[in-house]
Every structure is written in structure tokens, then in C-alpha cells.
Amino acid sequence: MNLKQKFSEKGPAFWWTGFAALISSGTIFILFISLVIESIPVFKAQGISFLWGTDWFAGEAYGALPMIFGSLMVTGIAVVMVLPFALGSAILTSEFLSGRLRLMVKAAMELLAGVPGIIYGLMGIALLTVWVRDVFGLIDGNTLFTAGFLLAVMILPTVMTLSEDALRSVPGEFRDTALSLGLTRMEMVFKVVVPQALPGLAGAVFLGVGRAMGETIAVMLVIGGIDRIPQPWFNLFAAGQSIPSKIGREAAEALGFDVQWSALIALGLVLFVMVMTLTSAGNILLRKAR
Amino acid sequence: MNRRLFKERTILFTLYGFTVCGCLVLAVILATVFMKGAPAISGAFLFEESRNFGLEGGIFYQIAGTLILMMGAALVCLPVALGSVLFQTEFLHSPQVKKIFRLLIYSLNAVPTIIFGLIGYLFFGVFLEAGVSWVTGVLILAVMILPTLHVSIHEAVESIPKHYREAGLALGLSPGQQMRAVILPQSLHGIVTGTLLGLARAAGETAAIMFTATAFSGVRLPQSWTEPVTTLQTHILLLAQEAANPEALTNAWGAGLVLMTIVFVLITVTLWIRSGLEMEAQR
Amino acid sequence: MPRRSSIKSILGLALILLGVVGTVQIGLVGVTSALAQDSTVIRVAGSTTVLPIVSRAAERFQARNSSVKITVNAGGSGVGIHGAGTRRLDIGFASREITPQENNRYASLTTTVIGRDAVACVVSSEIFHSGVRSLSKQQIGDIYLGKITNWQQVGGPDRTIIVVDKETHRGTRHVFMQYLFGKSNARAPGARLVTGSNNEEQAKIAQSDSAIGMLSIAWINDDVVGIGIREGRQVIEPTLKNVRNGRFPIARNLNLLTAGKPKGRVKQFVDYLLSEEGQKIVESSGYIPIHSPHAVSKVAGSHSK
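Owing to the predicted nature of the structure, the values given are computational and were not obtained by experimental measurement.

Draft legend 1. Layout of the overall build of chain A. When helices and strands are counted, chain A shows twelve helices and zero strands. Order of helices (α) and strands (β) in chain A, N terminus to C terminus: α-α-α-α-α-α-α-α-α-α-α-α. Principal axes of the C-alpha set define a box for chain A whose edges measure 75 × 70 × 30 Å. The buried share of chain A, reckoned over its 290 residues, is 57%. Contacts in chain A between residues at least 24 apart in sequence constitute 75% of all its contacts with a sequence separation of at least 6.

Take a look at the structure:
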């Protein structure tokens, strides 16, 4: 049967659903291509120095490095802070909790995942910044650390549920064999199950990182908004700027105003590439685990 | 107690600690929003218009705006998500293509939402000339929640037992009839839970709509396709920037409480539906 | 436990309900839009300094002209200028003048002045009450450049100065930097925080106990106090009186921008702002009307909370 015959036999269901499928699968390409096309003006004006320039002044120079640094820094802080809690609860829930308790924890995580970003932002700006300032004796609580802390809470449900799935998908034989060899329950978990689930756990972390990198509103309100790399670079308690936060603050101003708009889109492109790389790596790892 | 057992117990204790902390976070957030927001809630607050930059009056039109964007997004997204899933399950047979498809949808889910705002504005605001309007917002959010609906519907359709489909084929149903008679009814729970989750996600989104769909004041209900709306999320954002003013903050918390209530009701209903079915499945 | 068939019926009902509510809602919008065919929509946005004036005026104007709808947004002077220039907005408002670049870009931009305001250098009330009542231009400049970092160096307590800067497109910043360094796009390496609107800046300075910032004088209150500017031996306080008589050095016009001269409904609104009633709104918001017949002795504006 040649191609033409094959297609002419397709009923209306095929074409309508096919159209829908085209939209949903093509969207990500459209996003990427649009980002690239709209970024061209700023790269034309400044070349690749956009990526490592440190000066950002609308109308004059556009350097993305402080924002890239800020994004990496707050994400790093978030991951370090969330890891013990997410992995700890995942291990407990998958290996030690009964069905009902498990469902309750999972329900709690599902609710936590639904909390809107602006609520985190509100809690951050009204409570967390003051708390951070007082507890750490800083002059001001709007820092990279504060943003990282908020992000850690935001990605907790994601990392926890995916890790839990990864752990549960380790086949029962591993557990049975370990126990029959005389290992205690805890030893079985940490020496057998966790290592087996490692790709899945890594995938969970990567996906959490991707989510943390993309968060705009909560970070925007507490990070300080300074387009600068802290001195020294590892000073978590300095104010800084992340990519989504920068875009969020300047987008309204730059709507359609060429080079500045293009610079913001270029920032978006850098973010897109970073997040997509991490998420794809994460998805691959998760699938390997299954 | 020997050493091994002691170690075992300590680690278990630590794990419980971490888990409790994790769940405690939720409790802390709920308690804070409730305690700080409850003072602001009153009949007047919920049904009056906001005045004096949100310091006085209520949040009626903000609630309306959030609902308009949510519902609109779900309405636009549902047919596309449904169609897309059905195409994948009924007409695509090669596992590689299916894998690629899934990858694309999952990738869409990971895109930072501010980028939806940026590109969405280009496409719907500039290209379609809808400008900064509720229509732009609805379309952007519809694209954003597409993966949420897609995944849920897909799972539901995939879990339809094979013999249902085989029965349909044996009766000579065309793909379209198969969809209508067999697949849709059997996957209804996935469609509903997916839509509810999508609504919750749309309600919680600020970044994608803050410069593409909303205005600060002078907006009640949009009266044309190209007018902006005012939403709970952006209202809270505005008030949050006046963090030193206790009146502004109280209203911000109040609006936050309303927003959280909407989102949590949606998620709780979803969890209830899902748990009802899981219990069914375990019988 | 809910049985499968009853779940299905609930779900079916839920879906139908969602669909109905959603369609009704969208339908309502469509209907009201059909009914509202004759109404004009005026889109305005821009500086948060001018916002209170325009927002209040818009409320009153709409109350009188029910066929006009004015949507107001903030965003900053930059948003107002670019919005007006690209015709995305019918009126943009700014708390600064148009730069030469902006003038080149948008040849048809027309400015209408509706009032005057001043930018004060403000400090946290704790700093003011511990003795720092005025600073010289040089000192403020050095603070923003990062050369002076502790309040002790200028007669205050031993505390690190939290320097609060603003987003670069904000009118308040343009005017302040122009005064300090002679150019509106000066960098401030000593800055510790960047804020956006006047509201945000006010909140951040009030929250802190050792901050310095730049703020429209209408936003000065008990927690955020304006200090005097020392020029030579004189100290010029940031009062409306000093702005009217021209002594206060950091003053600016509050501008409305339109692409070309205002016409039709837009002109009606602009005229309203220029009218006596509109100018009363300017004054009650804490600014100076364009024709001010009498001196005002109070310092604080209407945003004292």
C-alpha cells in the first residue's frame, strides 16, 4: 500500500487528533527556535562576550555572567539543602512505611508541590529575609542563601516523590537476597537498594535542579537584585541575581524594545539550554532505573 | 543492645526526623498563610473591588481574573491534550516514535515558566495582536499546562484493559467511534484529574502572566478580547513589595489564603478521586 | 469507599460542570464585549511616582465618563516612555525627561508636564535619629560608589551602610544619578540591593536599620526619613517649600508622554489632569501642581503610613 493510499483512508479522527499531536509535540521546537531567532540582535551587537560579560546596563552593555552565576549558586544551595530531607523521606517512605502512611506522605508532598510560587515569595519577603538577617547577623536578609533556602523547600516534593519511585522500582529479589544473607534492614537499604536505585535518584535530583533553576517569582523577591558576582565568589550571604529573576524584573520595561528585549530573550535561551540539558539527563537516568 | 542494632535505630530515627520535617514544612506554610490571612477575610474582602492600590477594599475582581485565566486555559488545553494523547495511543504504533513523543512532552514540562511568558507574548501578544490581555494569558497558560493534562490522560488511556479495545474492534468500530464509545468513557478519571491538576497549576502561576496578561488597576471584568485582567497572583506580588506596610501585608496574606484555598481544593479533590480508584484497584 | 460506577458519574458530572462554568464565563466576556462596543479603552502605564496621581484621576474620570475605561499599570518611567513611543500605551508617564536616545528612537513623543516632584536622599529612621541629619553631594556619591561603607565615617553609628539602588530605567534613579555624578546612567558599585518601585524601596529601607536610598519626597514617612543636602555651608531640607522655591537641587517634572499630541478621549483625560481638579489630585498626592499659588509647609506626603 503506497503512502497516498494509506493517508487517504484515514478518517477524520486521524486528522483532528494528529493536528493536536502536532501542536503538543511541536511546541518545544517552536519555543527553542523563537528563543534563538529573537536572541540574534544582542549577539550581533555584542558577540559572544554576552555570555561572560559582567556588566549589565540597559541601553549600553549586556553581560550575562552574574545572572548565570547566581542561578547556579542558588540552585546549588537548594540541592545541598534539600538532599538529606528528600532522600531521607524517600528511603523511609519506600522501605519502612505501611501503605496508609505512605499514601499520607505522598499526599502531603502532592499538596506541597501545588503551593503557588508567589506564596513562597510572600513568605520569603515578609518572614524569611528578616529571619535570615537576624539568625546570621547579616546587615540584610536578601541574599543568595535566602533564595536557595526557598528553592530547597520548593523542590522537596519533586525530588522526594521521584526518589521514592526510583527506590520502589528496585526489584524485591535484591531485598530478599540481602536479608537472607543476614544483613539488617538498614544495611540492606543502604548497601543494596540505594546503590541499585542510584541512576533513578540522580535523575530525581537533576529534575529537581531543573525546576529550581526555572523558578522566577519566589527568587525575584528575596535575592537582592544586584547584577554582580559576590566578592568573594563563595559568599552565600551576598545579594545576587538569577536569570529568571532578571528577566522577571526587566521584561515589562523591555517589551519589544529591540536590543534589551533580545538580551533578555538571550538570557532565556541560556536558561533554556541549561534546564533542558539537566532535565534530559535526568529523564534518561530515570528511565534507566526502570 | 548490640552496636549494629543501635546504629540501625539511630539511622531509622534520623530518617523519621527528615520525613517529619518534610511534612512539617507543609503544615508551617498552611498555618502561616491561614493565621496571617484570616484576619483579612470578610464578606467585604471577597466581594468588593480593590481600592487605594490594594490597601482598601477587596479582591473580587482579582479572584475573577484568576478564575478566568484558569478556566480559559483548561478549556483551550483540554481538546489539544486529549487529541494528542488519542493520536499517540490509537495511531502511533512504533515504540521509538512513542518514546520521542513522550520525551517532547516531558521536555515541555521542564521549560521555565518565564520563558512561556516571553515567547508567548511574542506569539500571542504581538503576532496575533492580542497585546497584553487575558486572551494572551489564557493561551500561554494553556500551553504551559499541556504536559500536566497530557501525562494524566495518557496514563488513564494506557490503563484501559486490552479486551475493551479488542471488543470494540471486533464490533467493527472505526477509530473515531472507538474513541467515543470505549476510550473516552473509560479514561474519564484521568481526564478529570489531569484537568484539575492543570487548573491548580495555572492558578499558581505568576511569572508567565505578570507582564503578558495583567494590569494594576482600572480593570474589572475584561470586556473585550484584548483587555488585561487583574489576578490574585499579581495582586499579591504588588502588595508583597510593600512589605513594611502592615495593611498591605495583611491583604496580601488574605489574597494568598484565598489562592491557596482554590489550589488546595483542586488538588484534594484529585487525590480523593485517585485514592478512591486505587482502593478499587486493590480489591 | 466510592464504587466505580458512582465515581464515574461524579466524574462525568464534574467534567460537565467545569465545561459549563468555563463556557459561561468566556461567553459572559463575549457578551459584555458586544455590549461595550462604544467604550474606549485608554491604556496608561509608567513611573510609580506618577502612578498615584494618574490612578486616582482615572478613577474619578471614569466615574464621570462611563463609556471610557482606563487600565493603569506600573512598571517604571522606562516602561512608560517605551510604551508610549511604540504606541502600546495611549499615555506613558515618567518622572524624568526623555533621554536623547529615546528622542531619536521615538520621534513623535510629546511631553505634557502635570506636576513637579523632588527626589530625596532617604535613610532609615534609626540612622536619622542617631545624628545623621544631612550629607553632602560628595558623601552621598562616595557611598554609592562604595568608597564610604560605614555610617561611622559620616557621623553615624558603627554600622555597615546598606546602599539601596534602583532598577536602571527608573526615573527616580535617572534624576538622582544625574545630580550625584552628572550622568543619569552612572553605575553604583557600592550598592547592596536593587529595588524597583517607590513602594519597594520604601519597604526595604523601613525594614532595615542602616539603609540609604533614593525616594520621591511623597513617600517619606516616620520610618524612612529624608535627609538634608549639604551644599557648602547650607543644608537644604527636602521639603515641598524648597522644591517650589527651587532651592532643592534634585527636582524633576512629572510627565505624561504620548505619541504625537493627545487627541480625542486621551486629550480629554490629559486635560482633566491639567484642570484644577486634576491638579488638586497632584497636590493631595504629595506633589507640586504646575501652577502653585501658595506655599506648603508640611514635609511629609500622602504615602506616610
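Draft legend 2. Molecular detail of the overall build of chain B. Helix and strand content of chain B: twelve helices and two strands. Its helices and strands taken in sequence order, chain B reads α-α-β-β-α-α-α-α-α-α-α-α-α-α from the N to the C terminus. Oriented by its inertia axes, the alpha-carbon framework of chain B measures out at about 75 × 65 × 35 Å. For chain B, buried positions account for 57% of its 283 residues.

Draft legend 3. A look at the pairing of strand β10 (residues 228–231) of chain C. Residue and element names in this part refer to chain C. Two strands pair when backbone bridges link them, and strand β5 (residues 134–136) and β10 are joined in this way by three bridges, in the parallel orientation. Bridging from a neighbouring strand, Ser136 pairs with Arg230 of β10. Alignment of β10 against strand β11 (residues 234–236), held across three bridges, turns out to be antiparallel. By the bridge assignment for β11, Ile229 is matched with Ile236. In this antiparallel pair of consecutive strands, β10 and β11, the connection spans two residues, and Gly232 shows a positive phi of 65°.

Draft legend 4. Representation of the environment of Val111 of chain B. Looking at the element boundaries, Val111 of chain B is found in the loop between α4 (95–110) and α5 (113–127). Among the residues examined, Val111 of chain B registers 25 C-beta atoms within 10 Å and is labelled buried. Distance from Val111 of chain B to Ile145 of chain B, taken between C-alpha atoms, is 11 Å for residues 34 residues apart in sequence. Those residues in contact with Val111 of chain B that lie beyond four places of it in its chain are Leu31 and Phe272 of chain A together with Phe116 of chain B.

Draft legend 5. Main features of the nonpolar core. Residues and elements named next belong to chain B. Ranked by size, the top nonpolar core spans 275 residues in total, and within it Leu69, Ala73, Cys77 and Leu141 carry the most contacts. Among the elements that make up this core, the one with the highest residue count is helix α3 (residues 60–91) (17 residues). Each residue touching Leu141, except ones within four places of it in the same chain, is listed here: Leu69, Ala73, Ala202, Glu205, Ala208 and Ile209.

Draft legend 6. View of the interface of chain C and chain A. Across the contact, 22 residues belong to chain C and 16 residues belong to chain A. Looking at the side of chain C that touches chain A residue by residue, the class counts come to five nonpolar, 14 polar and three charged.

Draft legend 7. The arrangement of the packing of helix α2 (residues 51–64) of chain C against helix α11 (residues 276–284) of chain C in detail. All names here are of chain C. At a minimum axis distance of 9 Å, the contact between α2 and α11 shows a crossing angle of 140°. As the angle between them shows, α2 and α11 are arranged oblique. Viewed along their axes, α2 and α11 form a crossing whose handedness is right-handed. Where α2 approaches α11, its residues Ile53, Arg56 and Ala57 are matched on the opposing element by Gly278, Ile281 and Val282.

Draft legend 8. View of the packing of helix α5 (residues 99–114) of chain A against helix α1 (residues 3–37) of chain B. At a minimum axis distance of 9 Å, the contact between α5 of chain A and α1 of chain B shows a crossing angle of 45°. With respect to α1 of chain B, the element α5 of chain A is oriented oblique. Crossing handedness for the pair α5 of chain A and α1 of chain B: left-handed. Residues Val105, Ala108, Leu111 and Leu112 of chain A of α5 of chain A lie in contact with α1 of chain B, whose contacting residues are Thr19, Cys23, Val25 and Leu26 of chain B. In the contact of α5 of chain A with α1 of chain B, the residues fall into seven nonpolar, one polar and no charged.

Draft legend 9. How the structure looks around the domain arrangement of chain B. Residues and elements named next belong to chain B. Domain boundaries assigned for chain B yield domain 1 (3–40) and domain 2 (43–282). Each of domain 1 and domain 2 was reduced to a C-alpha centroid, and the two centroids are 30 Å apart. Facing the seven residues of domain 1 at the interface are eight residues of domain 2. Grouping the constituent residues of the side of domain 1 that touches domain 2 by class yields five nonpolar, one polar and one charged.

Draft legend 10. Fine view of helix α8 (residues 175–186) of chain B. Every buried residue belonging to α8 of chain B is among Pro175, Gln178, Met179 and Ile183 of chain B, and all of these are buried. Relative to the axis of α8 of chain B, the buried residues are bounded by an arc of 95° and lie together on one face. Close packing links the buried residues of α8 of chain B with α2 (12–46) of chain A together with α3, α6 (134–158) and α7 (162–170) of chain B.

Draft legend 11. Molecular detail of unusual backbone geometry. Across the junction of Gln231 of chain A and Pro232 of chain A, the peptide omega takes the value -10°, indicating a cis bond. With respect to the helices, strands and loops of the structure, Pro232 of chain A is situated in the loop between α10 (217–222) and α11 (243–254). Not every positive phi belongs to a glycine, and Arg87 of chain C is a case in point at roughly 65°. With respect to the helices and strands, Arg87 of chain C occurs in the loop between α3 (77–85) and β3 (91–94). Its 13 C-beta neighbours within 10 Å are what place Arg87 of chain C among the partly exposed residues.

Draft legend 12. Local environment of the environment of Ser275 of chain C. All names here are of chain C. Note that Ser275 resides in the loop between α10 (264–274) and α11. Classification of Ser275 by C-beta neighbours within 10 Å gives exposed; the count is 12. Between the C-alpha atom of Ser275 and that of Ile114, which follows or precedes it by 161 residues, the distance is 9.6 Å.

The rules we used
- Residues numbered from 1 in each chain as written.
- Chains lettered and ligands numbered in written order.
- Predicted model: local features only at pLDDT ≥ 70, side-chain atom pairs only at ≥ 80, totals over all residues.
- Helix = DSSP H or I, 4+ residues; strand = E, 2+ residues; numbered from the N terminus.
- Buried ≥ 20, exposed ≤ 12 C-beta atoms within 10 Å, placed from the backbone.
- Contact = placed C-beta atoms within 7 Å.
- Pairing = 2+ DSSP bridges.
- Core = buried A, V, L, I, M, F, W, Y, C linked by C-beta atoms within 7 Å.
- Nonpolar A, V, L, I, M, F, W, Y, C, P; charged D, E, K, R; others polar.
- Axes fitted to C-alpha atoms, helices over the stretch in contact; angles between N-to-C directions.
- Parallel < 35°, antiparallel > 145°, perpendicular 65-115°, else oblique.
- Left-handed = near helix turned anticlockwise from the far one by under 90°.
- Domains from an automatic or database assignment.
- Arc of directions from axis to C-beta.

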